[in-house]
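# Residue-level structure breakdown
Spelled out from the first residue to the last, the chains are:
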Amino acid sequence: MEIALAGNPNVGKSAIFSRLTGVGVISSNYPGTTVEFFEGKAKFMGSTITVIDLPGTYSLAGNTDDERVATNLLFERRPDTVVAVLDTTRLERNLVLLFELIESGYHVVASLNMYDEMRRSGRDVDVARLERILMVPAIPTVATKGEGIDSLLFTSVQLRGRSKFKVRYDSHIEEMVRKLSAMLKQEDWPMPLRAVSLRLLTGDRRVLEKADGAAVRASERMREEFLKEHGEDIVVHIERDRFGEAGRIATEVVGEAADRERKEGFISDLTLRPATGIPILIAVLAAVFLVLVFAGGALEGVLVGAYTDAARAPFDDFKAGLSSDLARGAAEGVYLSVEAMLALVIPYIVVFYIMLAVLEDTGYLVRVVSLLDGVMHRLGLHGRAVIPMVVGFGCNVPAILATRAMGSRRERLILATLITIAVPCSAQTAIIIGTVGNYAGAVWALAIYIILGAILVILGFAMHRTIKFEPTGLFVEIPDLRVPSPHEILRKTYLRVKEFLTIAFPLLLVGSIALEMLMAEGILQQLIGPSEGFMMAVLGLPGVVVVALIFGILRKEMALQMLMVLFGTSNLALHLSPEQMFTFALVMAVFMPCLAAFAVMLKEFGVRSTAVVTAGSIGLAMALGALSNLLLGL
Amino acid sequence: MVTEIAEQYLKVIYNLTEDGGVAKTSDVAKAMSVAPASVTEMMHKLSRQGYVRHERYRGATLSPKGLKIARQVTRKHRLLERFLNDLCGIRGKSRHDQACRMEHVLTDEAERQLCRMLNRPSECPHGKQIPKCERGIACEKCTKETVSLVDLGEGDVGTVSHLASKDKEELCRILAMGFVPGSEVKVEKKVPMGGPIIVSLKGTKIALAREIGRALHMVRA
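Being a predicted model, the structure only gives us computed values, none of them experimental. (Residues numbered from 1 in each chain as written. Chains lettered and ligands numbered in written order. Predicted model: local features only at pLDDT ≥ 70, side-chain atom pairs only at ≥ 80, totals over all residues.)

## Details of the overall build of chain A
Going by this rule: Secondary structure is summarised from DSSP: a helix means a run of H or I of at least four residues, a strand means a run of E of at least two, and numbering begins at the N terminus for each. Note on burial: count the other C-beta atoms lying within 10 Å of the residue's C-beta; 20 or more is buried, 12 or fewer is exposed, in between is partly exposed, and C-beta positions come from the backbone. Once C-beta atoms have been placed from the backbone, residue pairs whose C-beta atoms lie within 7 Å are recorded as contacts.
A tally of regular secondary structure across chain A gives 27 helices and eight strands. Each of the three principal axes of chain A carries a C-alpha extent, and together these read 85 × 55 × 50 Å. Here chain A, with 634 residues, has 46% of them falling under the buried criterion. Considering only intrachain contacts with a sequence separation of at least 6, the fraction spanning at least 24 residues in chain A is 72%.

Written out as structure tokens, the structure reads:
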């Protein structure tokens, strides 16, 4: 048996989902789209039930990617029950999707979520009356605390049935629906003819393709006729009638205060006002950054220490048993990959993802998006681009994946390019802090960030101008600021870390083994000599640095350690002047993406774009390095 | 841009073909008080520009492109006649002649206001139909003063009057968010630097880009 969860965005749908299903969750992209949906299993009285979490949508009309995926999934999977998750505090607008689900003939159960907030605001819902009007079971739930979930599951399995509730449209539309229904045959359609007729009238493409010519022509004629007579598209009237009905029902079951204006939170207001919002944003970003650098660094020390203590000795024994240098190199590569994962994933990626989930679930990120939308437009991007950029400070791999949330390929490509070139990931940050920050002072480290910021703006502007524009406007609901549920944050973090590991770990493993084998054969060291001249002349850096650059491709986070090994000391100041360090850090910050980021780019954007971006980043890094060498050498 | 004289011709052809049929050169010449030869010459010109379809010995009909202009000019003409008749009390040939001259300089904006002022008349003083305007808005909506959501200030409250989106998907997206005619919207904030407009609607805050806001026509509360 299958249950699908449907609902508007921000109603706590995924919280209900995670309460129902627990850990074994699969996230997948709907074929041919970048829209993600989740699937899990729930246990009920000895049987296993599949639960599908549909993307959050406002309607089933299929006008956005999310809507199309939700409707396609409903259509293909034919779930036995559809749970409509409603935000009880905003019953009116939430009822509209419920109407559409009932109209399409699904067995619907309503989950009146966020019931506690409703109570807290001193209002109540007459649940029995709502059930009587809509003829569907309605269960009050508080997903964040797990209340009402058992009862919701029980009802979905046992008490489902088809509702006879109908939205009354205006008489002209009802007349058209009647005429169209008479032209259709029920056995051709998986949903009631009323729904089919309405979709014909609203011009739903999938229904138009399936219906026979006569009905399509009749519906088109009716639409035109309606437009001529009423001066407005029929869609406007259908939606108006739905919202009108929803308003009446909400008033009936909640009372006059159905959608009374909430008191606006003081903080909420501050985050949206540029004068205060931008300082708050800077403070938040600084906090995220500091936590990453300090807490992440401390955690890394502990973990790597423990790993070395526990695994080094047994591993060395194992290595000693191997015959060839190459095999030993490969084994060392495996050892180091695990170490790198420990050093990178848990301290930086996990910590970063937890913070990101907190920022998302409190509703803060949406505010940042709105605040920066205007400015981002000048870079050819939307406010939404802020999120992948912030993610990019952790690691470029998930950041490139996160660009999927952008409207068009053009925006995605601009954003991914900006991220790989101008947003330093945690490994690049470690290099900047470890060299310039340590030896030349914080001011110089800051200078690198300012240069990167300038590159971001200039590059964004330039790309915006050169790549063809396909505008899509921002249009989002801003949820109330709320305290996030730890349960949800952990779940999100878990899913994201899992995705990251499946992509990055195999690449890291291959990269490490290849590097160690190169080292074992002494190939890397041989590169130092021939490149000495070039490095010295152009960048003013010793030839050894070329190894760090190659490491930068395969294992960015190891580049610094490698340099220390090659210099034979951890005090870099003995071999590099502060100026050289600045040049080195700058080059490393802009230099081409690591192998994992490269692979993700390839997967998402194809060979040509990836090659251009890679070549561009190498060229830009060298040019900046040469420039910095020139200027600092004066 | 069509010249005044071309507009005049198109209007005359419209008058003659309103009830079907074709406009004969001789009839056009009579209505315009010019020689048939000049009419033929003008017809060729208009036909080359794609405004009329001209058949030798039969006469002319309007192409869709020409019809659009002709309807608009005729609409202005008949509205003006109504205006001169009803409000200025001018009768006889003078009324027609004045309207003939004014119709070419009347802006669309003024035409709309005139239509409202005269309470949406359907016929001219001669009893001929005034062509409907092509704005695609119901007349009841047009009579109210509407402003786009973008033009409301922070803190202003308005009611959605109609949606002027050409893009079907955008229209549906706006509707699904709850911006249906009759719903009350309050502008909470207009984020500077070209940022979005933040409004509250049915208890929810929504941020929408300005270009979307332009499609929403509001009646101030």
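Right, picking up where we left off after that structure.
## Some remarks on the overall build of chain B
Test applied: The reference for a compact globule is 2.2 Å times residues^0.38; the radius of gyration itself is calculated from the C-alpha atoms.
A tally of regular secondary structure across chain B gives nine helices and eight strands. For 221 residues, the compact-globule estimate of 2.2 N^0.38 gives 17 Å, and the C-alpha radius of gyration of chain B, at 23 Å, exceeds that figure by more than 25%. With respect to the principal axes defined by its C-alpha atoms, chain B has extents near 70 × 40 × 30 Å. Buried residues in chain B amount to 38% of all 221 residues. Taking the intrachain contacts of chain B between residues at least 6 apart in sequence as the baseline, contacts between residues at least 24 apart amount to 55%.

## Here we look at the pairing of strand β4 (residues 157-163) of chain B
The side chains of a regular strand alternate between both faces of the sheet. All names here are of chain B. What counts, and what does not: Should DSSP find at least two bridges between two strands, the strands are regarded as paired.
Counting buried positions over the seven residues of β4 gives five, a clear majority of the element. Bridge analysis of β4 against strand β5 (residues 184-190) gives three bridges, and the strand direction is antiparallel. Note that in β5 the partner of V157 across the bridge is K186. With five bridges connecting them, β4 and strand β8 (residues 216-220) associate as antiparallel partners. Bridging from a neighbouring strand, V160 pairs with M218 of β8.

## Description of the domain arrangement of chain B
Rule in force here: Here the bounds of each domain stem from an automatic or database domain assignment.
When the domains of chain B are assigned, the result is domain 1 (1-134) and domain 2 (141-220). A C-alpha centroid distance of 38 Å is found between domain 1 of chain B and domain 2 of chain B.

## Regarding the sheet that holds strand β6 (residues 197-201) of chain B
As a general point, the strands of a sheet are linked pairwise by backbone hydrogen bonds and lie either parallel or antiparallel. Our working definition: All axes are obtained by fitting lines to C-alpha atoms, using only the stretch in contact for helices, and the reported angles, taken between N-to-C directions, cover 0 to 180 degrees.
Strand order in the open sheet formed by seven strands is β8(A)-β7(B)-β6(B)-β5(B)-β4(B)-β8(B)-β3(B), and the pairing between neighbours is antiparallel. Edge strands, defined here as strands with exactly one partner in the open sheet, are β8 (475-478) of chain A together with β3 (147-148) of chain B. One ladder, built from five bridges, connects β6(B) with strand β7 (residues 204-208) of chain B; its direction is antiparallel. Residue pairing across strands places B:I198 opposite B:A207, the latter belonging to β7(B). The strands touched by helix α15 (residues 364-378) of chain A are β8 of chain A together with β6 and β7 of chain B; relative to β8(A), the strand with the most contacts, the crossing angle is about 135°.

## A few points about the environment of A:V351
Residues and elements named next belong to chain A. Locating V351 in the fold gives a position in helix α14 (residues 325-361). The buried category is assigned to V351, around which 20 C-beta atoms lie within 10 Å. When neighbours within four sequence positions are excluded, V351 is seen to be in contact with V291, L292, A295 and G296.

## Some remarks on unusual backbone geometry
All names here are of chain A. Despite not being glycine, M45 has its phi angle at roughly 45°, a positive value. You will see that R78, though not glycine, has its phi angle at about 45°, which is positive. Note that R78 resides in the loop between α2 (65-77) and β5 (81-87).

## Here's the deal with the interface of chain A and chain B
Convention followed: Here the nonpolar group is Ala, Val, Leu, Ile, Met, Phe, Trp, Tyr, Cys and Pro; Asp, Glu, Lys and Arg are the charged ones; every other residue, Gly included, is treated as polar.
Contacts between chain A and chain B engage 35 residues on the former and 38 residues on the latter. Every element with two or more residues in the side of chain A that touches chain B is listed here: α3 (91-103), α11 (234-254), α15 and β8 of chain A. With six residues, α15(A) is the single largest residue contributor to the side of chain A that touches chain B. Grouping the constituent residues of the side of chain A that touches chain B by class yields 13 nonpolar, ten polar and twelve charged. As defined by bridge partners, β8(A) adjoins β7(B) across four bridges and the pair is classed as antiparallel. When the bridges of β7(B) are listed, A:F475 appears paired with B:L208.

## With respect to the domain arrangement of chain A
Considered domain by domain, chain A is made up of domain 1 (2-158), domain 2 (171-254) and domain 3 (274-633). Here domain 2 of chain A and domain 3 of chain A have C-alpha centroids that lie 52 Å from each other.

## What about the packing of helix α7 (residues 171-183) of chain A against helix α8 (residues 193-202) of chain A?
Describing two packed helices takes the angle between their axes plus the distance from one axis to the other. All names here are of chain A. Inclusion rule: Note on angle classes: values under 35 degrees are labelled roughly parallel, values over 145 roughly antiparallel, values of 65 to 115 roughly perpendicular, and the remainder oblique. Crossings are classed by handedness, with left-handed meaning an anticlockwise turn of the near helix from the far one by less than a right angle and right-handed meaning a clockwise turn.
Direction vectors running N to C along α7 and α8 enclose 110°, while the axes themselves pass 9 Å from each other. What the angle tells us is that α7 and α8 run roughly perpendicular. Regarding α7 and α8, the two cross each other, and that crossing is right-handed. Note on element contacts: α8 touches α7 through L193, R194, S197, L198, L200 and L201, opposite M176, V177, L180 and S181.

## Describing the confidence of the model for chain B
The test is simple: The predictor reports its confidence for every residue as pLDDT, a score running from 0 up to 100.
Of the residues in chain B, 95% have a pLDDT of 70 or more, and the chain-wide mean is 85. Model confidence for the complex: the whole-complex pTM is 0.73, and ipTM, which rates the interface, is 0.77.

## A short note on the pairing of β5(B)
All names here are of chain B. In terms of strand pairing, β5 meets β6 through five bridges, oriented antiparallel. Residue pairing across strands places K190 opposite I197, the latter belonging to β6. Here β5 folds back onto β6 in antiparallel fashion, the turn holding six residues, of which M193 has a positive phi close to 60°.

## With respect to α8(A)
Residue and element names in this part refer to chain A. Of all the ten residues making up α8, nine are buried; the element is thus mostly covered by neighbouring parts of the structure. Those residues of α8 that fall on the buried side of the exposure criterion are R194, A195, V196, S197, L198, R199, L200, L201 and T202. Of the surrounding secondary structure, the elements contacted by the buried residues of α8 are α3, α7, α9 (205-210), α10 (213-230) and α11. G203 occupies a position one or two residues after α8 and carries a positive phi of about 75°.

## Some details on the nonpolar core
All names here are of chain A. The criterion, for reference: Connectivity within a nonpolar core runs through C-beta atoms within 7 Å, and the core itself is a set of buried Ala, Val, Leu, Ile, Met, Phe, Trp, Tyr and Cys residues.
One finds L5, A84, L98, V108, V397 and A585 to be the most contacted residues of the largest nonpolar core, which totals 204 residues. Among the elements that make up this core, the one with the highest residue count is α14 (14 residues). What L5 contacts, discounting residues up to four positions off in sequence, is K13, I16, F17, V51, I52, D53, L54, V83 and V85.

## Things to note about helix α18 (residues 409-422) of chain A
Residues and elements named next belong to chain A. Quick reminder of the rule: Every helix has an expected span of 1.5 Å times one less than the residues it contains.
Compared with an ideal rise of 1.5 Å per residue, which puts 14 residues at 20 Å, α18 spans 19 Å between its outermost C-alpha atoms and is within 8% of the ideal. Those residues of α18 not exposed but buried are E411, R412, L413, I414, L415, A416, T417, L418, I419, T420, I421 and A422. Here the buried face of α18 lies against α16 (386-392), α17 (396-402), α20 (442-466), α25 (578-590), α26 (595-605) and α27 (607-633).

## Considering the packing of α8(A) against α11(A)
Residue and element names in this part refer to chain A. Where α8 contacts α11, the axes come no closer than 9 Å and their chain directions differ by 135°. Compared by their axis directions, α8 and α11 come out oblique. Residues L198, L201 and T202 of α8 pack against I234, V235 and I238 of α11. When the residues that make up the contact of α8 with α11 are grouped by side-chain class, the tally is five nonpolar, one polar and no charged.

## Points about the environment of A:G619
For A:G619, the position within the fold is in helix α27. Along the backbone, A:G619 and A:L413 are 206 residues apart, and their C-alpha atoms lie at a distance of 19 Å.

## Considerations on the environment of A:R206
Topologically, A:R206 is positioned in helix α9. In this structure, the C-alpha to C-alpha distance between A:R206 and A:P506, residues 300 residues apart in sequence, is 41 Å.

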